[in-house]
Structure formats: structure tokens, C-alpha cells
Amino acid sequence: MSDAALPRPALNLGQLAPLYSAQALATGATTVSTVLASLIMSGLHFETLVGLPSTLISTSAALSAGAFGALMLRRGRRAGLSAAFALGALGAGVGFVGARFALLPVFLLGACMMGAAQGGYQQARYAAAESVPDDRRGAALGALMLMSVLGSFLMTGASRPIEALGAALGSTPEVAGWLVGGALLGAAALLIQVWRPVTAAQAATTPSAKLKVREAFAIPGVRSTALALAAAQGLMVTLMSLTPLRAHHMGLDHGAVAALISGHILGMFGFGWLTGPLIDRLGLRFGYVGGALLLAAAALSAPQSGAAWLAVSMFGLGLGWNLAFVAGSKALTRFPAAQGVTDGLGYVAAGVGTALGGVIIARAGFPVLAGTCAVLALLPLISAWRVRPT
């Protein structure tokens, strides 16, 4: 029987709503851990180590992504996602305690736990894509991103209440944000319990769904897809994590930094309703090429003078990542064994980028980092060249 003759699950927004909502809350918490951590480190007077929390987050996610992927293949998506959300809630609480009481090892432990959780719950996108026919998977991924922007804006748009909470706790808004992030992840862990995923038989609609890791990466196009996803993830996290510090050095206050983050999150998730269907219609190559060019333009815009250029850069960075991420994620939906490992590679790239990025800024300046990122942003073009017609 051909793949086309196999039954495909229909798009069911009601069935996907708990998954989408849980991921939206988790995205808000992720904003806290990856974006505000550098400012917390600066507040703790570890200026030269501002990239360390993001590096630990990415490293922990890299180490856990494969394990969570294997858990989901063995026990199902809901079991793996539930464990990831619960771990993230605990990690955010630990990070808050460490930041509040200036206990650096405790804060970094919380960052590691948050990173390990991300390695699991970021794979929710594959669960969403598995629930719909192949020609609508871009749209399903785009809808998930659109829901995610609500969670991010819930966090960044609540900057004033978080400032008040920080003052009430005798701390800063960045530290209080970790406590709020933990609450969001706790709510996501509860919400995912009411989600009913597709059955294993529905998810495994192609023979490639049963491949092992080595077999999956031996298939033409899988390794180039992993390259696109890893490059986009690494560059996005590096600039997203370190640009707020540049804004801080330029004299921008917490509200202005929050606005920059909001623009970045809008680029990442707000246009999923458009980019997902476009990739379904125009193909994966459109996503890779568009993503690479936007990522490069964002990197070149970041060193320019003025807050307006920073806003343009952060938005373009998010939108470029969106295009490459949706295209690569759609391509990997057919190869579950490669998903966790590929996510792990993306986190490794992000960890290396943030670690080296902080050093480059300290020794050579932000423009050198931005120029390096602009060159590396062209790597998804290799994936565009290697993509196979569908």
C-alpha cells in the first residue's frame, strides 16, 4: 500500500488546543530563562560570564533532547512532555532562589534544569505536525508558533507587574521573572494532562518513522536539514541572548529591553499563520533561503547605532529563524529518530555561540560578533541546495 493510500488524521484544533496552550505558556517561561539570564549575571557582578547561563541552558538541552526524544518514542508524546514541563517548573524555582539570594551555583543549577526541560518540551512541535496530513504540517507548525507568541507576550507585556513583584520581593524584575516562569511551566504540566495525542499507529504513517538514528541520518536530505536547524537555532539564541546586554550598555531601561524582546518574539512566532502555509505551498527551499537571508540581515543590522536598528535586527532575527525552523521541522516530521538528536545539535550550536559570543564582545566588541554571525547565517543555503523535490 502506498503512503498516499494510508489514512491521514484530519486537522482538529480542539484536539490540539491543550498542546498549543501548554506550549504557549512554556514559550513565555523560555523567554525568561534565555533572555533575562545575562542581565541577572550582570546584576550579580559577573559581567564577563554573562553568556554562561545561556550556555548551560543550551548544553543541558543538547544533552537531554535525545533522551526525551527516545522517551517519547517509547512512552508517547504526552509522557515525555509532562516530564519536561515539570522539570522546567522545578528548575525555574531553583533558579529564582539562587538569583534572589545571590547564590551563583544554585542559579546556574536552575539554569541547567531549565535547559534540560527545554530539550523535551520544544519537541511538542513534532507532536502537532504528526496530527495532520503532510501537506498541512507547515500550517500546523505555524499555528503552534502563533499560540506561542501569546505566551511570550504574556511575559514581556507584563513587565510592569513583574517589576512590582520584584520590588515586593526585594529583588529585580529579572529575578522575579524566573518565579513567574516557573508558574507558567507548572500550569503547562497540568494542562498537558488533558491533551489526547494521536495514536502511535496514526503517527507512524511512513516506513521512515520506524528507522533508528543512524538509519535516519543516512537518508539524503536529513543531515542537511539538521544543519539548517542547528545553524538557525545557534545564531538566533546567540544574538537574542546578547543583544539585550548591548541595549543595556546603550542606556535602555527595562521597559525598552522588554519592547525589543517583544519585537523579536513577534518575528519568531507572530507570523506563523503566514510562513507555515507559505512553506506548504512554495516548498522547503523557500523557508531555507528566506531564513538565511533574514538572519544575515539581522546580524548586520545589530551593530548599527540607535535603538531603532536594534528593533529591526531583533524582529528580523526572529522571522529568519521562523522560516528556517518551520521548514526544517516539517522535513524532520517523517523521521522521528532524527528529531531529538537534531534538536541536541541546535542546542550545542547555541551553547557554543553564547559562550564564545560573550568572550568576543569583551575582547573585540559587538560588531565583530555580529559580522561572524552574518557569515554563519548563510549555512541554511546549503540545505536549500540539498533539498529534494516532494
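Keep in mind that what you see is a predicted model, and the values were worked out from it rather than measured.

Some details on the overall build of the chain
Point 1. A tally of regular secondary structure across the chain gives 19 helices and zero strands.
Point 2. Among the 390 residues that make up the chain, the fraction classed as buried is 57%.
Point 3. Long-range contacts, defined as pairs at least 24 residues apart, comprise 86% of the intrachain contacts of the chain with a sequence gap of at least 6.
Point 4. In the chain, the 23 positive side-chain charges and the 11 negative ones have mean positions that sit 8 Å from each other.

Focus: the packing of helix 12 (residues 222-249) against helix 16 (residues 307-332)
When two helices pack together, their arrangement is captured by the angle between the axes and the distance separating the axes.
Point 1. Where helix 12 contacts helix 16, the axes come no closer than 9 Å and their chain directions differ by 155°. In terms of orientation, helix 12 and helix 16 fall into the roughly antiparallel class. When you trace helix 12 past helix 16, the crossing you get is left-handed. Residues Val222, Thr225, Leu229, Ala232, Gln233, Leu235, Met236, Leu239, Met240, Thr243, Arg246 and Ala247 of helix 12 touch helix 16, and the partners they reach there are Leu310, Met314, Leu317, Trp321, Ala324, Phe325, Gly328, Ser329, Ala331 and Leu332.
Point 2. Looking at the contact of helix 12 with helix 16 residue by residue, the class counts come to 16 nonpolar, five polar and one charged.

With respect to the pattern of salt bridges
Oppositely charged side chains can pair when the atoms bearing their charge come close.
Point 1. Applying the stated criterion to the full structure yields six salt bridges.
Point 2. Here Arg77 and Glu130 are joined by a salt bridge, their closest N and O atoms 2.6 Å apart. Here Arg77, found in helix 4 (residues 77-100), pairs with Glu130, found in helix 6 (residues 124-130); they are 53 residues apart in sequence, far enough to count as distant. Each member of the pair, Arg77 together with Glu130, is buried.

Some thoughts on helix 3 (residues 52-75)
For the α-helix, the turn length of 3.6 residues means that residues three or four positions removed from each other point alike.
Point 1. Helix length check: helix 3, at 24 residues, gives a terminal C-alpha distance of 33 Å against a target of 34 Å (1.5 Å per residue), a fit within 8%.
Point 2. Helix geometry: helix 3 is bent most strongly at Ser64, by close to 35°.
Point 3. With its phi angle positive at about 105°, Gly76 sits one or two positions after the end of helix 3.

Some remarks on the packing of aromatic side chains
Point 1. Across all of its chains, the model carries six aromatic pairs by this definition.
Point 2. Between Phe85 and Tyr121 the ring centres are 5.5 Å apart and the planes differ by 20°, which places this aromatic pair in the stacked class. Of the two residues, Phe85 sits in helix 4 while Tyr121 sits in helix 5 (residues 104-121), which places them 36 residues apart along the sequence. For the pair Phe85 and Tyr121, one class covers both residues: buried.
Point 3. Both rings, one in Trp321 and one in Phe325, keep their centres 4.3 Å apart while their planes meet at 25°; by these two values the pair is stacked. With Trp321 and Phe325 both in helix 16 and four residues apart, the pair spans about one turn of that helix. An identical accessibility class is assigned to Trp321 and Phe325; each is buried.
Point 4. By way of ring pairs, the aromatic residues Phe269, Trp321 and Phe325 are connected into one cluster.

Some thoughts on the environment of Leu81
Point 1. As for its position among the elements, Leu81 is in helix 4.
Point 2. Overall, Leu81 belongs to the buried group, its relative accessible area being 0%.
Point 3. Setting aside chain neighbours within four positions, we find Leu81 in contact with Leu19, Met72, Gly120, Tyr121, Ala124, Ile192 and Trp195.

Quick word on the confidence of the model for the chain
Predicted coordinates in areas of low pLDDT are best not read in detail.
Point 1. In this model, the chain carries an average pLDDT of 84, and 90% of its residues clear a pLDDT of 70 or more.
Point 2. Overall, residues 1-10 carries pLDDT values under 50, and its contacts beyond four positions in sequence, including any with other chains, amount to 18 contacts.
Point 3. Residue range residues 199-204 is modelled with pLDDT below 50. Its contacts to residues more than four positions away, or to other chains, number four contacts.

Overview of helix 17 (residues 336-363)
Point 1. Here helix 17 contains 28 residues, and its C-alpha end-to-end distance of 41 Å stays within 8% of the 40 Å for a straight helix at 1.5 Å per residue.
Point 2. Downstream of helix 17 by one or two residues, Gly365 has phi in the positive range, about 105°.

Observations concerning a nonpolar patch on the surface
Point 1. A cluster of nonpolar side chains, contributed by Val97, Phe101 and Leu103, occupies part of the molecular surface with about 260 Å² of accessible area.
Point 2. With respect to the helices and strands, the residue Val97 is situated in helix 4.
Point 3. In this structure Val97 comes out as partly exposed when scored by relative accessible area, which is 36%.

Overview of the environment of Leu108
Point 1. Along the chain, Leu108 turns up in helix 5.
Point 2. Here Leu108 falls in the buried class, since its relative accessible area comes to 14%.

Considering the nonpolar core
Point 1. Core analysis: the largest hydrophobic core is formed by 58 residues, its most contacted members being Tyr288 and Trp321.
Point 2. No other element matches the twelve residues that helix 12 contributes to this core.
Point 3. Aside from chain neighbours lying at most four places away, what touches Trp321 is Met145, Ala232, Gln233, Met236, Met268, Phe269 and Leu295.
Point 4. Counting 48 residues, the second largest nonpolar core, distinct from the first, contains Ala22, Ala37, Met155 and Trp178.

Topic: the side chain of Arg125
Point 1. Along the chain, Arg125 turns up in helix 6.
Point 2. Looking at Arg125, the relative accessible area reads 3%, which means it is buried.
Point 3. Side-chain polar atoms of Arg125 contact the side chain of Tyr126, separated by 2.8 Å.
Point 4. Beyond its immediate chain neighbours, meaning those up to four positions away, Arg125 contacts Leu141, Leu144, Phe325, Ser329 and Asp343.

Things to note about the environment of Ala231
Point 1. Along the chain, Ala231 turns up in helix 12.
Point 2. You can call Ala231 buried: its relative accessible area is 10%.
Point 3. Measuring from C-alpha to C-alpha, the distance between Ala231 and Ala324 comes to 9.1 Å, with 93 residues separating the pair along the chain.
Point 4. Those residues within four positions of Ala231 in sequence are excluded, and the remaining contacts are Leu379 and Pro380.

Rules used throughout
Residues numbered from 1 in each chain as written. Predicted model: local features only at pLDDT ≥ 70, side-chain atom pairs only at ≥ 80, totals over all residues. Heavy atoms only, no water. Helix = DSSP H or I, 4+ residues; strand = E, 2+ residues; numbered from the N terminus. Buried < 20%, exposed > 50% of the residue type's maximum accessible area, 1.4 Å probe, protein only. Contact = heavy atoms within 4.5 Å. Lys, Arg positive; Asp, Glu negative; His and termini not counted. Charge placed at Lys NZ, Arg CZ, Asp CG, Glu CD. Axes fitted to C-alpha atoms, helices over the stretch in contact; angles between N-to-C directions. Parallel < 35°, antiparallel > 145°, perpendicular 65-115°, else oblique. Left-handed = near helix turned anticlockwise from the far one by under 90°. Nonpolar A, V, L, I, M, F, W, Y, C, P; charged D, E, K, R; others polar. Salt bridge = Lys/Arg side-chain N within 4 Å of Asp/Glu carboxyl O. Expected span 1.5 Å × (residues − 1). Bend = angle between axes of the 7 residues up to and from the residue. Phe/Tyr/Trp six-rings, centres within 6.5 Å; stacked < 30°, edge-to-face > 60°. pLDDT = per-residue confidence, 0-100. Patch = residues over 30% accessible without salt bridge, like charges linked within 9 Å, V, L, I, M, F, W, Y side chains within 5 Å. Areas by Shrake-Rupley, 256 points an atom, 1.4 Å probe, with all protein chains shown as cover. Core = buried A, V, L, I, M, F, W, Y, C linked by side-chain atoms within 4.5 Å. Polar contact = N/O pair within 3.5 Å; in protein donor to acceptor, adjacent residues only side chain to side chain.

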